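# An overview of the molecular structure
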Amino acid sequence: DAKTTQPNSMESNEEEPVHLPCNHSTISGTDYIHWYRQLPSQGPEYVIHGLTSNVNNRMASLAIAEDRKSSTLILHRATLRDAAVYYCILRDHRGNNNDMRFGAGTRLTVKP
Amino acid sequence: KAGVTQTPRYLIKTRGQQVTLSCSPISGHRSVSWYQQTPGQGLQFLFEYFSETQRNKGNFPGRFSGRQFSNSRSEMNVSTLELGDSALYLCASAQGDRETQYFGPGTRLLVL
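In this section: the interface of chain A and chain B. Think of interface size as the accessible area that goes away when the parts come together; that is how it is often given. At the interface, 18 residues of chain A touch 21 residues of chain B. Taken together, both faces of the contact between chain A and chain B bury some 1600 Å²; the carbon and sulfur share is 48%. The interface formed by chain A and chain B holds zero salt bridges in total. Linking chain A with chain B are five residue pairs in polar contact (both at pLDDT 80 or more). Of all elements in the fold, only strand E3 (31-38) and strand E8 (84-92) of chain A reach the threshold of two or more residues within the side of chain A that touches chain B. Ranked by the residues each element gives to the side of chain A that touches chain B, the list is headed by E8(A), at three residues. When grouped by side-chain class, the residues that make up the side of chain A that touches chain B number six nonpolar, seven polar and five charged.

This is the structure we're talking about:
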């Protein structure tokens, strides 16, 4: 499985943008880039995913490098409720499986 | 729609015992995946069931098993519990292949 590398932790101030980086230099052409986050005492929740183009949804934006070897999750205005561990995961969209291989993720702290 | 539910939420067992955890997926979802989360190893994939068949399995001993019923509800069983099995066990459901996974709140198992 292709591996991802994320910083262990990041800090942000409330209401400021946050850019969470992810490196995936061995990504294959059929790998989608998925982001999940895990709030304290909860299961992970889906944030966003993309293949090549940048993506936006109500929660965040995903910026994907042209060579696809890295990506950045952007929270436009961090709130205290965004404090969580953020996971960048590569999912091969070939084949019949739904397993996801989580790394250590980035623990985001949001300061008031 | 109701989310993924897991029962029980908390459980205490002793070494050598066995345990059964239950997961009810979102209505209409046919895929159920199980994960183990520990502070040392993070989130690790256990297995996935799709239409009552195990499709994929992670790197866990045979003491960990599961099944899925015709209504898509799933159970996982751990026999001969060890102290190291203490963890948060998470269940996730998806509508089909390579779809977004929705996680339950988890069952926290403590083995004494």
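Read on for the rest.
This part takes up the state of the cysteines. The tally for this structure, following the rule as stated, stands at two disulfides over all chains. Put simply, Cys22(A) and Cys88(A) are joined by a disulfide, and their sulfur atoms are 2.1 Å apart. Where Cys22(A) bonds to Cys88(A) through sulfur, the torsion about that S-S bond is close to -80 degrees, and the disulfide is left-handed. Separated by 66 residues along the polypeptide, Cys22(A) in strand E2 (residues 18-23) and Cys88(A) in strand E8 bring together distant segments of the chain. Residue class for Cys22(A) comes out buried when judged on its relative accessible area of 1%. By relative accessible area, which is 1% here, Cys88(A) ends up buried. Across the disulfide, Cys23(B) is cross-linked to Cys91(B) (sulfur-sulfur distance 1.7 Å). Across the S-S bond of Cys23(B) and Cys91(B) the torsion is about -40 degrees, and the bridge reads as left-handed. You can see Cys23(B) sitting in strand E3 (residues 19-24) and its partner Cys91(B) sitting in strand E9 (residues 87-94), a full 68 residues away along the chain.

What counts as what
Residues numbered from 1 in each chain as written. Chains lettered and ligands numbered in written order. Predicted model: local features only at pLDDT ≥ 70, side-chain atom pairs only at ≥ 80, totals over all residues. Heavy atoms only, no water. Contact = heavy atoms within 4.5 Å. Buried area = accessible area lost by both parts, 1.4 Å probe. Salt bridge = Lys/Arg side-chain N within 4 Å of Asp/Glu carboxyl O. Polar contact = N/O pair within 3.5 Å; in protein donor to acceptor, adjacent residues only side chain to side chain. Helix = DSSP H or I, 4+ residues; strand = E, 2+ residues; numbered from the N terminus. Nonpolar A, V, L, I, M, F, W, Y, C, P; charged D, E, K, R; others polar. Disulfide = S-S within 2.5 Å. Buried < 20%, exposed > 50% of the residue type's maximum accessible area, 1.4 Å probe, protein only.

Any functional reading would require information that these geometric values do not contain.
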